[in-house]
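Given next are the chains, with one letter for each unit.
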Amino acid sequence: LVAIGVGLWCFMHYQFALTQQAQRAARAPEPVIAPEPVAHHSSGLFAKLSEKTTVAPPAKPAPKPPSRNDTCAHGIVALTYASHPGRDDRFCRSLESAIRNGLDLRVLGWGVKWEGLSQKLGAALRAVEELPADCPVVFTDAYDVLFTQGESAMRKAFDAIKADLVFSAECGCWPQVTRDRGKTCRDEYPPSPTPYRYLNSGSWAGRASVAAKFLRAIGADATSVDFHKLNDQELASELYLRRGFPGLQLDHHAKLFQAMHSINDDTLVPNCDPRPHLREVDGVWRNTLTGSTPAVFHFNGGGKRHHLLMEARTWWKRCRTAQTVDALEKVAATKLLFNGVRRSFGDVC
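Asks: Help me out: how do you make sense of the nonpolar core in this one?
Replies: Taken as a class, soluble globular proteins show a tendency for nonpolar side chains to be buried jointly. The biggest cluster of nonpolar side chains holds 52 residues, and the ones touching the most others in it are Phe167, Phe214 and Leu215. Leaving out residues up to four positions away in the same chain, Phe214 has contacts with Leu165, Phe167, Ala236, Leu239, Phe245 and Leu248.

Encoded structure:
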């Protein structure tokens, strides 16, 4: 009976993913995203940015042809930024996790010369400007991320947070903790109902129009190399610290995002480790502290050591039906949008 139950569970997961892929294939092609590669602030990084960076004047959005399928048909649009496949196979593992969960992930920046962390901000800005104003967008890092649920679960979690823009929350306070031995982190950061107190820029979600406004506020419409080399997490967290963008919230309860970095040194910020609170239930990871089932896991910082171990317990790794030759061929044949061009997983990975 146990074997039959496990088999049915695997089969249901596998069939659900196949159904989502089939429905997506029947829809019109996704819009092509252009492959193109400050806010006023009195001090700190923003002052440095205003001195070094030439900000391009706001461009008028190009009119959208009525035939384009940019109507947010799946209920949410998932974006990431990767200029190349990386030095190991973790980018491909991230792509596979998206495909397995029926997520039509769009990869921005593919083939573009890498210049720095904030380069992805401009690409994200141009992408969200192509979408309807109220379309929810999820943006994640590319090389250390695991998707454990699909679009419907992401949309449900985003709606439950009740915010037009939400960033992942984490244990670590980077990079402010390096400046004043944690004083800013302890005294200036808004309090949190959970140990996940600090902004992490590796995962965020928001309505397209609100996301565009935020990205412009941190200078994403700048095109200089100087801007691209800036720390995107510093830009976002400083604006959050100064309450410079009303409505910006953090996902303190890990309803949508789970950042995996841990802190084990009480001298600067409190100890915090999400891993002991995570339990795998039917191939999906649950946070027992917050009672949530995050859809996106970001293995930032020291959390990278958990990536492959947690992936090994996902439903598609444990189900024999998901590892058959036929199933693997379907994954390899699945096409995602890489900087405006549909490419198969097998061609990229």
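Asks: How should the sheet that holds strand S8 (residues 257-259) be read in this particular structure?
Replies: Hydrogen bonds along the backbone pair up the strands of a sheet, which may run parallel or antiparallel. Strand order across the open sheet formed by three strands is S4-S11-S8, with mixed pairing between neighbours. Because the sheet does not close on itself, it has two edges, and the strands there are strand S4 (145-147) and S8. Neighbour-to-neighbour, the strand axes of the sheet open up by a mean angle of 15°, direction not taken into account. Of the strand pairs in this sheet, S8 and strand S11 (residues 296-298) are connected by three bridges, and their pairing is parallel. Within S11, the position partnered with Phe257 by the bridge is Val296.

Asks: Before we go on, may I ask you to explain the pattern of salt bridges in this structure?
Replies: As a working rule, side chains carrying opposite charge can pair if their charged atoms are close by. A full pass over the atoms with the stated rule returns 17 salt bridges. Of the charged contacts, one joins Arg207 and Asp159 as a salt bridge, the two residues approaching to 4.0 Å between their closest N and O atoms. Of this pair, Arg207 sits in strand S6 (residues 198-207) while Asp159 sits in helix H5 (residues 151-161); the two residues are 48 residues apart in sequence, bridging distant segments of the chain. Among the residues examined, Asp159 registers a relative accessible area of 36% and is labelled partly exposed. With a shortest N-O distance of 2.7 Å, Arg313 and Glu280 are connected by a salt bridge. Residue Arg313 is located in the loop between helix H10 (307-311) and helix H11 (315-318), and its partner Glu280 is located in strand S9 (residues 278-281); the two are separated by 33 residues in the primary sequence. Residue Glu280 is classed as buried on the basis of its relative accessible area of 18%. Among the charged side chains, a salt-bridge network with shared partners connects Asp89, Arg93 and Glu311.

Asks: Explanation requested: the environment of Ala73 in the structure shown.
Replies: Inspection of the secondary structure assignment puts Ala73 in the loop between helix H2 (44-52) and strand S1 (77-81). Ala73 sits in the partly exposed class, given a relative accessible area of 44%. In sequence terms Ala73 and Cys135 are 62 residues apart; their C-alpha atoms lie 9.2 Å from each other.

Asks: In this structure, what is going on with the packing of helix H3 (residues 90-100) against helix H12 (residues 325-333)? I would like to understand it.
Replies: A pair of packed helices can be characterised by two numbers: the angle between their axes and the separation between those axes. Taken N-terminus to C-terminus, the directions of H3 and H12 make an angle of 105°; their axes are 10 Å apart at the nearest point. Accordingly, the angle class assigned to the pair H3 and H12 is roughly perpendicular. Contacts between H3 and H12 involve Glu96, Ile99 and Arg100 from the first element and Ala327, Leu328 and Val331 from the second. Looking at the contact of H3 with H12 residue by residue, the classes come out as four nonpolar, no polar and two charged.

Asks: I'm lost on the pairing of strand S13 (residues 341-344) in this one. Help?
Replies: It is a general feature of regular strands that their side chains alternate between the two faces of the sheet. With four bridges joining them, strand S12 (residues 335-338) and S13 adopt antiparallel strand pairing. From the neighbouring strand, Lys335 faces S13, where its bridge partner is Ser344. The turn joining S12 and S13, which pair antiparallel and follow one another in sequence, is formed by two residues; a positive phi near 55° is taken by Asn339.

Asks: Looking at this structure, I do not really get the sheet that holds S6. What am I missing?
Replies: The eight strands lie next to each other as S7-S5-S6-S3-S1-S2-S12-S13, forming an open sheet whose pairing is mixed. Whereas interior strands pair on both sides, the edge strands pair on one side only; in this sheet they are strand S7 (248-251) and S13. Between one strand axis and the next, the sheet turns through 30° on average, direction left out of account. The pairing of S1 with strand S2 (residues 106-108) spans three bridges and is classified as parallel. Residue Thr80 lies in a different strand from S2, and its bridge partner there is Val107.

Procedures and definitions
Residues numbered from 1 in each chain as written. Predicted model: local features only at pLDDT ≥ 70, side-chain atom pairs only at ≥ 80, totals over all residues. Heavy atoms only, no water. Core = buried A, V, L, I, M, F, W, Y, C linked by side-chain atoms within 4.5 Å. Buried < 20%, exposed > 50% of the residue type's maximum accessible area, 1.4 Å probe, protein only. Contact = heavy atoms within 4.5 Å. Pairing = 2+ DSSP bridges. Helix = DSSP H or I, 4+ residues; strand = E, 2+ residues; numbered from the N terminus. Axes fitted to C-alpha atoms, helices over the stretch in contact; angles between N-to-C directions. Salt bridge = Lys/Arg side-chain N within 4 Å of Asp/Glu carboxyl O. Parallel < 35°, antiparallel > 145°, perpendicular 65-115°, else oblique. Nonpolar A, V, L, I, M, F, W, Y, C, P; charged D, E, K, R; others polar.

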